[in-house]
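Examining the three-dimensional arrangement
Below are the chains, spelled out letter by letter.
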Amino acid sequence: MMLESERRAVVESAPELAELTPGRTGNLSVRDGERGDAFAVTPTGVPYDGFGVEDVPVVATDGEVRDGRMAPSSEVPMHAAIYRREDVGAIVHTHSPWATTLAVASEPLPPIHYMIVAVGKRVPVAEYAPYGTDELAANIVRAMDEAEATATLVENHGLVVTASDIETALENTHHVESLARLYLQTRAAGLEPRTLSEAQLETVLEQFASYGQ
């Protein structure tokens, strides 16, 4: 079976995706190796506990469906575009409520906490385009590239997080959602969130590097 371990990872990660996003609104994918030309991705329109390993679609980075019993996510153009341009091994896309609140306000997430460096020095906002389109995919890649980030909010849509593997991508999705919540709660309390300086962020990055994070 093509990409058996990657397809199994999609199935095993689906319950955590369900915790992060309402209904069937999210998707995730796992690449074939570090720079492979194909990836396993969640199927479209199916409950997250409603598919098995052989159901999981395998899609080439040019968008061609190569295997799987079910149709792939409508966001295949986004996943394929990121894999073509970025050296990443997994992608998570959610409509998690706190991050999506910032997305519908078209407001980036600033560096209010040192854990933001897990995805960059800020989380930008990618310009809106209809879901499942090449235009949206290009906007997402551009936003991450310009911010030198591995995550981006998507205007009036949700959140995209990339990483070297699916475990890290899911963990960092939780980080962004948690920080978005802290940021919005601070503002809701009538307080002005304090942001970390460039020098402070650089220090955190150095500390992370020394710990092998």
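For the structure itself, look to the data block above.
About the thresholds
- Residues numbered from 1 in each chain as written.
- Predicted model: local features only at pLDDT ≥ 70, side-chain atom pairs only at ≥ 80, totals over all residues.
- Heavy atoms only, no water.
- Helix = DSSP H or I, 4+ residues; strand = E, 2+ residues; numbered from the N terminus.
- Rg over C-alpha atoms; globule rule 2.2 N^0.38 Å.
- Buried < 20%, exposed > 50% of the residue type's maximum accessible area, 1.4 Å probe, protein only.
- Contact = heavy atoms within 4.5 Å.
- Areas by Shrake-Rupley, 256 points an atom, 1.4 Å probe, with all protein chains shown as cover.
- Axes fitted to C-alpha atoms, helices over the stretch in contact; angles between N-to-C directions.
- Left-handed = near helix turned anticlockwise from the far one by under 90°.
- Nonpolar A, V, L, I, M, F, W, Y, C, P; charged D, E, K, R; others polar.
- Expected span 1.5 Å × (residues − 1).

Further remarks concern the overall build of the chain. Scanning the chain from N- to C-terminus turns up six helices and eight strands. Ordered by position from N to C terminus, the α and β elements of the chain give α-β-β-β-β-α-β-α-β-α-β-β-α-α. A globule of 213 residues ought to have a C-alpha radius of gyration of about 17 Å, and the chain, at 17 Å, matches this closely. With respect to the three principal axes, the spread of C-alpha positions in the chain is 50 × 35 × 30 Å. Here the chain holds 213 residues, and the buried ones make up 51% of them. Put simply, 65% of the contacts in the chain that link residues at least 6 apart link residues at least 24 apart. Carbon and sulfur atoms provide 47% of the accessible area of the chain, an area that totals close to 9,800 Å².

Where helix α3 (residues 97-104) meets helix α5 (residues 166-188), the closest approach of the two axes is 7 Å, and the angle between their N-to-C directions is 65 degrees. Of the two possible hands of crossing, α3 and α5 adopt the one that is left-handed. On the side of α3, the interface is formed by Pro 97, Trp 98, Ala 99, Thr 101 and Leu 102, while α5 contributes Glu 177, Ala 180, Arg 181, Tyr 183, Leu 184 and Gln 185. Its residues assigned to classes, the contact of α3 with α5 comprises seven nonpolar, two polar and two charged.

The subject of this paragraph is helix α4 (residues 134-147). In a regular helix each residue adds 1.5 Å, so 14 residues correspond to 20 Å; α4 covers 20 Å between its end C-alpha atoms and thus fits that length. Listed as buried for α4 are Leu 136, Ala 137, Ala 138, Asn 139, Ile 140, Val 141, Ala 143, Met 144 and Ala 147. Contacts from the buried residues of α4 go to α2 (76-85), β6 (125-126), β7 (151-154) and β8 (158-163). Of the residues flanking the end of α4, it is Glu 148, one or two places downstream, whose phi is positive at about 50 degrees.

So, about the environment of Val 117. If you trace the backbone, Val 117 turns up in the loop between α3 and β6. The exposure class of Val 117 is buried, given its relative accessible area of 9%. Measuring from C-alpha to C-alpha, the distance between Val 117 and Asp 49 comes to 32 Å, with 68 residues separating the pair along the chain.

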